[in-house]
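Report on the structure
What follows is each chain in one-letter form.
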Amino acid sequence: MQLQQNKTTNNKYQLMNHKTNTVIAGVDLSAVSSTVVKHATAIAQHFGTPCVLVHVMPEDFLTRYKDQAEDLYRSLHQQADAKLSSFVADQSPTATVERKICKGKPVEQLNQVIREENASLLVIAANDLTKKHLGTVASRCVRTAPCDVLILRDWQGDTFDRILVCVDYSPMSAKALERAASLAQSYGAHLEVIHVMFPPTEDYWGQVQSGRDENQEEYVAKVRARAQQQMKSFLTACPVSLEGISHSEEILESRFPSVAITHKAMDSSADLVVLGTHGMSGFVSNFIGSNAEKLLNDCAVSVLAVRD
């Protein structure tokens with residue numbers, strides 16, 4: 001994976017906050033873990049931040065063998081450490097990483113390491129062989145991890161070529177745009193800025209609007225023009241500049257934002273969707289809820305969930 005060299009001293013595209021900049025890679029030693037290690041180490045190297053590989057051995061497995069638990073743990077610990085070293089040697093031989101092997105509940109242990117390392121990014125695999133529902137650990141990490149979470153699909157390659165970021169013009173979505181721009185710059189990817197608006201042709205119940213004092217066509221045109229102006233104003237006021245980054249903007253119309261974004265990601269062949277976990281719209285503010293769960297389950301691309 002070749003990330004572009006960052007030549008800007010005061011980098012507006014900085015992925016990690018300077019106070020919380022460690023990258024954590026949650027590794028379960030499966031085949032997709034090599035991709036997790038490659039992305040995590042590459043991002044850490046590019047931004048000059050520490051990288052910690054974390055493998056959690058389930059404690060309940062060890063309790064089944066109480067009489068030999070200590071010897072078994074020591075043996076599994078050595079095997080896991082050797083496997084982590086192998087991942088680094090194969091995928092990122094020049095990377096300097098720390099390896100941590102814990103025992104207990106995976107999500108709890110990962111969150112504890114994140115807090116101990118003051119990390120700002122967790123990279124994990126979705127473990128979704130069907131390209132549908134997230135694995136249990138990935139789903140819980142999205143809900144509970146105290147940092148941004150990058151979820152890599154099992155089919156994910158070595159790089160991101162097309163990144164889609166969802167904005168609702170809130171401060172949280174401005175932060176999501178900053179993260180997305182950072183990755184787009186790093187990977188040399190095209191960035192699509194997407195906003196989903198309620199269709200001006202429909203009312204709340206999905207019926208065609210009628211009985212307005214103004215002409216229907218004029219009303220729809222006015223609403224769409226206002227939406228375009230809002231997008232322009234948001235990008236102008238946003239602290240991150242998209243200058244030098246290949247990008248485009250689009251406003252989608254749908255009563256179901258997660259569905260619209262899923263179709264957009266598929267139609268545009270995006271390989272990463274970036275969204276905030278809090279905001280003004282129902283979609284973003286309900287990230288820990290049905291809309292975002294549906295997006296994560298139905299949109300067969302990698303997802304970066306940006307924390308507030």
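In every chain, residue numbers begin from 1 and rise along the written sequence. Confidence filtering applies because this is a predicted model: local features only for residues at pLDDT of at least 70, side-chain atom pairs given and counted only at 80 or more, and all residues used for totals across whole chains, interfaces and linings. The side-chain values count all of the structure's non-hydrogen atoms but skip hydrogen atoms and water molecules.

1. Quick look at the environment of Arg179
Operational definition: Secondary structure elements follow DSSP: runs of H or I of four or more residues count as helices, runs of E of two or more count as strands, with numbering from the N terminus.
With respect to the helices and strands, the residue Arg179 is situated in helix H6 (residues 171–187). Taking C-alpha positions, Arg179 is 9.3 Å from Leu275, a pair spaced 96 residues apart along the chain.

2. Topic: the pairing of strand S5 (residues 148–152)
We count it as follows: When a residue's accessible area, from a 1.4 Å probe over protein chains only, is under 20% of the maximum for its type it is buried; when over 50% it is exposed; and in between it is partly exposed. Only strands that DSSP links by at least two bridges are regarded as paired with each other.
The buried fraction of S5 is high, at five of five residues. Side-chain alternation along S5 places Asp148, Leu150 and Leu152 on one buried face and Val149 and Ile151 on a second face that is also buried. Where strand S4 (residues 119–125) lies against S5, five bridges are found, and the strand directions are parallel. Within the sheet, the bridge partner assigned to Val123 lies in S5 and is Leu150. Bridge analysis of S5 against strand S10 (residues 302–306) gives three bridges, and the strand direction is antiparallel. Bridged to Leu150 within S10 is Leu304.

3. What to know about helix H5 (residues 136–144)
We apply this condition: Arc, as used here, means the arc of the directions from the helix axis to the C-beta atoms.
The complete set of buried residues in H5 reads Ala138, Ser139, Cys141 and Val142. In an axial view of H5, the angular spread of the buried residues amounts to 160°, which keeps them on one side of the axis.

4. Some words on the sheet that holds S5
Selection rule: Fitting a line to C-alpha atoms yields each axis, with helices limited to the stretch in contact; the angle taken between N-to-C directions then spans 0 to 180 degrees. Note on definitions: a residue-residue contact is assigned when non-hydrogen atoms from the two residues lie within 4.5 Å.
Ordered by their spatial adjacency, 10 strands build an open sheet running S3-S2-S1-S4-S5-S10-S9-S6-S7-S8, and the pairing between neighbours is mixed. Of all strands in the sheet, those bounded by a partner on one side alone are strand S3 (98–103) and strand S8 (247–253). When the angles between neighbouring strand axes are averaged without regard to direction, this sheet yields 20°. Its contacts with the sheet place helix H1 (residues 33–47) against strand S1 (22–26), strand S2 (51–57), S4 and S5, and it is angled at close to 175° to S1.

5. A closer look at the packing of H1 against H6
To keep things clear, this is the line we draw: Relative orientations are named as follows: roughly parallel for angles under 35 degrees, roughly antiparallel for angles over 145 degrees, roughly perpendicular for angles from 65 to 115 degrees, and oblique for any other angle. As a working rule, the residues Ala, Val, Leu, Ile, Met, Phe, Trp, Tyr, Cys and Pro are called nonpolar, Asp, Glu, Lys and Arg charged, and the rest polar, with Gly in that last group.
The interhelical angle for the contact between H1 and H6, taken along N-to-C directions, is 95°, at an axis separation of 12 Å. The orientation of H1 relative to H6 falls into the category roughly perpendicular. Packed against H1, whose contacting residues are His39, Ile43, His46 and Phe47, the element H6 presents Ser182, Leu183, Ser186 and Tyr187 at the interface. Its residues placed into classes, the contact of H1 with H6 shows four nonpolar, four polar and no charged.

6. Concerning the packing of aromatic side chains
Inclusion rule: Stacked, tilted and edge-to-face pairs are distinguished by plane angle, under 30 degrees for stacked and over 60 for edge-to-face with tilted covering the rest, among Phe, Tyr and Trp rings (Trp via its six-membered ring) whose centres lie within 6.5 Å.
Under the counting rule described, the total for this entry stands at two aromatic pairs. Measuring from ring centre to ring centre gives 5.0 Å for Phe160 and Tyr187, while their planes differ by 65°; the resulting arrangement is edge-to-face. With Phe160 in the loop between S5 and strand S6 (162–166) and Tyr187 in helix H6, this residue pair connects regions lying 27 residues apart in the sequence. In this pair, the class of Phe160 matches that of Tyr187, namely buried. Considering the side-chain rings of Tyr169 and Phe234, the 5.4 Å spacing of their centres and the 50° angle between planes classify their relative orientation as tilted. Remark: Phe234 occurs in helix H7 (residues 216–237) and Tyr169 occurs in the loop between S6 and H6; sequence separation between them is 65 residues. The burial state of Tyr169 is the same as that of Phe234; both residues are buried.

7. Regarding unusual backbone geometry
Unusually for a residue other than glycine, Leu29 sits at a positive phi of about 75°. Take Leu29: it is sitting in the loop between S1 and H1. Overall, the relative accessible area of 25% leaves Leu29 in the partly exposed class. Residue Asn118 is not a glycine yet carries a positive backbone phi of 55°. If you trace the backbone, Asn118 turns up in the loop between helix H4 (106–117) and S4. Residue Asn118 is classed as partly exposed on the basis of its relative accessible area, which comes to 39%.

8. What about the nonpolar core?
Rules: Residues belong to one nonpolar core when they are buried, are Ala, Val, Leu, Ile, Met, Phe, Trp, Tyr or Cys, and are joined through side-chain atoms within 4.5 Å.
Of all hydrophobic cores here, the largest spans 59 residues; its most connected members are Leu150, Ile163, Val165, Leu177, Leu191, Val193 and Val274. A total of nine residues in this core trace back to one element, the largest contributor, which is H6. Among all residues touching Leu177, those that are not within four sequence positions of it are Val165, Leu191, Val193, Phe234, Leu235, Cys238, Val240 and Leu242.

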